[in-house]
Amino acid sequence: MNMRSLRILLLAVSSVALSACSVNLGARADKVPPPPVAVPPPPVPVAAKPGPEDDPRLLATLYMQQAEELRRLSKQAYALAAIRLPAALKQPGSSALEQTDGGKGKPPAAIFDVDETVLDNSPHQARAILSGTRHFDLGQWDEWVGERAATPMPGAVDFVKELRRNKVRVVYITNRECRPRAANPGDPCPQHADTLANLDAVGLGPVDPADLMLKGQNGWPSDKAPRRQEVIRTHRIVMSFGDQFSDMMSVTRKDDSAARARIAAEHEDLWNTRWIVIPNPTYGQWVDVLPDPISGTLRTK
């Protein structure tokens, strides 16, 4: 092939290549995607409002209302009290730490807390759970007290009757609080009449008004010691009943679980003879003294 023929061939090849390139570029230009359309982000899911099943009080309240085990525990506590009563009456001494002289020569009395000791208020707790009221609401509580609808704790009525048969004065010391109500602002403590009526209605009376002592009445504080001292002026306290440590002795919210265990151990004889505890898993200082988060106090061993 001479030079002239070679140049002609190269020109032909180049022309074909340029033509193919033009076609390819045109094809690519035809296939360029349109600019992206802005797509709104997916909506942020709204957290579901916690319902009754999420309430940490649910199981404890159901245990109070539905568990035969709870009924049996309460009945056993009062059955044990009936077994201990003869010795408590016969033996010298007092169940009140404030009665340092033992109450010698004075007629006998027994002291009871009211709520979750002789009266069951679990319907109030159930209402709070169902309404989503997660914290204690004093107004709702006072409405419940005004209904006078609490039922007796199992075993309480029969044991109180046994005390009365044995001429033992029955005194109720409760931290139900005196608060005037808008409907009757002239009455400084309508809760007193409500509680008397409730106790009488379920068979825990008749209760002399002087034998029911509320927080705030006569200036009494939440610490029950001053009210116990009022009783020991005239009576020997032979037995004490409650669902809280403070129903037996003065303790504070500064006394954590370890301190409470140490204090309790100092009075082993009274736990074994004169003090009766009614089980209450729903509330109390036992949980109030736990540090936050309370899950940190769980034991895994």
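Residues numbered from 1 in each chain as written. Predicted model: local features only at pLDDT ≥ 70, side-chain atom pairs only at ≥ 80, totals over all residues. Heavy atoms only, no water.

### A closer look at the nonpolar core
Reasoning step 1: Of all hydrophobic cores here, the largest spans 39 residues; its most connected members are Phe112, Val118, Phe159, Tyr172, Leu204, Met239 and Phe241.
Reasoning step 2: Listed by contribution, the elements that provide at least two residues to this core are helix 3 (68-90), strand 1 (108-112), helix 5 (138-147), helix 6 (156-165), strand 4 (169-177), helix 7 (190-201), strand 5 (212-215) and strand 6 (236-242).
Reasoning step 3: The leading source of residues in this core is helix 3, at 6 residues.
Reasoning step 4: In this structure, Ile111, Trp220, Val231 and Ile237 belong to the second largest nonpolar core, which totals 10 residues. (Core = buried A, V, L, I, M, F, W, Y, C linked by side-chain atoms within 4.5 Å. Buried < 20%, exposed > 50% of the residue type's maximum accessible area, 1.4 Å probe, protein only. Helix = DSSP H or I, 4+ residues; strand = E, 2+ residues; numbered from the N terminus.)

### Some remarks on the sheet that holds strand 5
Reasoning step 1: Ordered in space as 5-4-1-6-7, the 5 strands form an open sheet in which the pairing is parallel. A single partner strand is all that each edge strand has here, and the edge strands are strand 5 and strand 7 (275-277). On average, each strand axis in the sheet is tilted by 20 degrees relative to the strand beside it, whichever way the strands run.
Reasoning step 2: In terms of strand pairing, strand 6 meets strand 7 through 3 bridges, oriented parallel. The residue of strand 7 that forms the bridge with phenylalanine 241 is isoleucine 276.
Reasoning step 3: Docked against the sheet, helix 6 engages strand 1, strand 4 and strand 6, running at close to 135 degrees with respect to strand 4.
Reasoning step 4: Across the sheet, helix 8 (residues 225-232) lies against strand 1, strand 4, strand 5 and strand 6, angled at about 160 degrees from strand 4, the strand it touches most. (Pairing = 2+ DSSP bridges. Axes fitted to C-alpha atoms, helices over the stretch in contact; angles between N-to-C directions. Contact = heavy atoms within 4.5 Å.)

### So, the packing of helix 4 (residues 122-131) against helix 5
Reasoning step 1: Two numbers describe how helix 4 lies on helix 5: the axes approach to 10 Å, and their chain directions differ by 140 degrees. Compared by their axis directions, helix 4 and helix 5 come out oblique. By crossing handedness, the relation of helix 4 to helix 5 is classed as right-handed. Listed contacts from helix 5 to Pro123, His124 and Arg127 of helix 4 are Gln140, Trp141, Trp144 and Glu147.
Reasoning step 2: For the contact of helix 4 with helix 5, a count of residues per class yields 3 nonpolar, 2 polar and 2 charged. (Parallel < 35°, antiparallel > 145°, perpendicular 65-115°, else oblique. Left-handed = near helix turned anticlockwise from the far one by under 90°. Nonpolar A, V, L, I, M, F, W, Y, C, P; charged D, E, K, R; others polar.)

### Considerations on the pairing of strand 5
Reasoning step 1: Relative to strand 5, strand 4 runs parallel, the two sharing 4 bridges. The partner of threonine 174 across the bridge, within strand 5, is leucine 214.

### With respect to the pairing of strand 6
Reasoning step 1: Of all 7 residues making up strand 6, 7 are buried, and the element is well covered by its neighbours.
Reasoning step 2: Inspection of the sheet shows strand 1 paired to strand 6 by 5 bridges, in the parallel sense. Bridge pairing in strand 6 links proline 108 to arginine 236.

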